[in-house]
Amino acid sequence: MGMSAPAIAAHKVRDGHDPLVMITAYDAPGARIASEAGADLILVGDSLAMVVLGYDDTLQVTVDDMVHHTAAVARAKPDCHIVGDLPWMSYHVSPEETVQNAAQLMRAGAQSVKLEGGRKRLPMIERIIDAEIPVMGHIGLTPQSVHAMGGFKVQGKQAEHGRRLLQAAKSLQHAGCYAIVLEGVPVRVAQLVTESIDIPTIGIGAGMHNDGQVLVYHDLLGIEDRFVPKFVRRYADIKGASVDAVKDYAADVRSGAFPSHDEAYHMDDEQAAALEG
Ligand code: KIV
């Protein structure tokens, strides 16, 4: 179950709380690992598209994909708050569709939803909150805007743009968001936003002055090794360890060392004799 959205909303580092720990997960084993490791929040992120489903960007995943993976995470019953990520085009068309899509993630087991964007998303955010669904905001480098941004680029490097991000964060707070992800913004912008709002900021590629951090599971564990962004710290080399393990398995199969006598099922000698006779 984990923390409730209101408890998270009150979790500011400046009030003496430890930074919030959020990690993505997309299935039951990932959720169990996050929970046993003591993460506060699991984000069933639309990064699913890139790190699990093999797409080049996040625009390809659907509400059905997100429901499928949110449900898998929820079935593990992690002791973490589960955030379901609303995919591209699930909150852009109409308020009715937006609320229905958010409700689908909640029915799959999420305790809140996240969506990308600032002021222009406020009407949809308000409608979701009006349906009693807590919303986490997400501003800065918003991957669903990859084409509009001209690539995955750090946002807010110019003072004017940094100020717009601050205004966006204040608007999201005012609309009722319980927390905001700040992605791919300079340290100084994240610090100013964190100091200026009363709900927690959760950073990714946003430096150390946030009320929490989030990393993508496959980046943190070194499962995804094709591109490692500057802000990722790899705490393990699971891809390397996995390739080595599968190589050992292949060698043992080819040499006849696997399976051994103890790794097989056996019949009584009498039954074996009857089988052959
Ligand atoms: O989808 C995701 O994993 C995210 C995080 C990078 C914040 O939105």
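Predicted, not measured: the structure shown is a model, and the values here were computed from it. (Residues numbered from 1 in each chain as written. Predicted model: local features only at pLDDT ≥ 70, side-chain atom pairs only at ≥ 80, totals over all residues. Heavy atoms only, no water.)

> Outline the packing of helix α6 (residues 122–130) against helix α8 (residues 159–175), listing residues and values.
Two measures define how a pair of helices packs: the angle their axes make with one another and the distance between the axes. Relative orientation of the contacting elements α6 and α8 amounts to 25°, with a least axis distance of 10 Å. By the angle between their directions, the pair α6 and α8 is classed as roughly parallel. Here the hand of the crossing between α6 and α8 comes out right-handed. Mapping the contact onto sequence places Leu-122, Ile-125, Glu-126 and Ile-129 in α6 and Ser-171, Leu-172 and Ala-175 in α8. Tallied by class, the residues present in the contact of α6 with α8 amount to five nonpolar, one polar and one charged. (Axes fitted to C-alpha atoms, helices over the stretch in contact; angles between N-to-C directions. Helix = DSSP H or I, 4+ residues; strand = E, 2+ residues; numbered from the N terminus. Parallel < 35°, antiparallel > 145°, perpendicular 65-115°, else oblique. Left-handed = near helix turned anticlockwise from the far one by under 90°. Contact = heavy atoms within 4.5 Å. Nonpolar A, V, L, I, M, F, W, Y, C, P; charged D, E, K, R; others polar.)

> Give a detailed account of the packing of aromatic side chains, specifying residues and quantitative values.
Ring pairs (aromatic) are described by centroid distance and by the angle formed between their planes. Counted by the stated rule, this structure contains one aromatic pair. With a centroid separation of 5.9 Å and an interplanar angle of 70°, the aromatic rings of Tyr-249 and Phe-258 are classed as edge-to-face. Residue classification places Tyr-249 among the partly exposed positions, given a relative accessible area of 49%. Note on Phe-258: relative accessible area 37%, which makes it partly exposed. (Phe/Tyr/Trp six-rings, centres within 6.5 Å; stacked < 30°, edge-to-face > 60°. Buried < 20%, exposed > 50% of the residue type's maximum accessible area, 1.4 Å probe, protein only.)

> Summarise the pairing of strand β1 (residues 20–24); cite the residues concerned and give the values.
The buried fraction of β1 amounts to four of the five residues, a majority that puts the element mostly inside the structure. Here four bridges tie β1 to strand β8 (residues 212–215), and the two strands are oriented parallel to one another. Bridge pairing links Leu-20 to Gly-212 in β8. Alignment of β1 against strand β2 (residues 41–44), held across three bridges, turns out to be parallel. What sits directly across from Met-22, in β2, is Leu-41. Crossover connection from β1 via helix α2 (residues 28–36) to parallel β2: handedness right-handed. (Pairing = 2+ DSSP bridges. Right-handed = clockwise from strand over helix to strand, strands pointing away.)

> Give a description of a negative patch on the surface that names residues and reports values.
On the surface, Asp-244, Asp-248, Asp-252, Asp-262 and Glu-263 cluster together to form a negatively charged patch. Along the chain, the position of Asp-252 falls in helix α11 (residues 238–255). On the basis of relative accessible area, Asp-252 is assigned to the partly exposed category, the value being 33%. (Patch = residues over 30% accessible without salt bridge, like charges linked within 9 Å, V, L, I, M, F, W, Y side chains within 5 Å. Areas by Shrake-Rupley, 256 points an atom, 1.4 Å probe, with all protein chains shown as cover. Salt bridge = Lys/Arg side-chain N within 4 Å of Asp/Glu carboxyl O. Lys, Arg positive; Asp, Glu negative; His and termini not counted. Charge placed at Lys NZ, Arg CZ, Asp CG, Glu CD.)

> How would you sum up the site of the ligand? Please name residues and give values.
Taken together, Thr-24, Leu-43, Gly-45, Asp-46, Ser-47, Asp-85, Lys-114, His-138, Val-181, Glu-183, Ile-204 and Val-216 make up all the residues around the ligand. A distance of 3.0 Å separates an oxygen atom of the ligand from a polar side-chain atom of Asp-46. Side-chain polar atom of Ser-47 to an oxygen atom of the ligand: 2.5 Å apart, as the coordinates give it. Relative to its free-state accessible area of 260 Å², the ligand is covered by the protein chains to the extent of 95%. For the shell around the ligand, the class distribution of residues is four nonpolar, four polar and four charged. (Near = heavy atom within 4 Å. Polar contact = N/O pair within 3.5 Å; in protein donor to acceptor, adjacent residues only side chain to side chain.)

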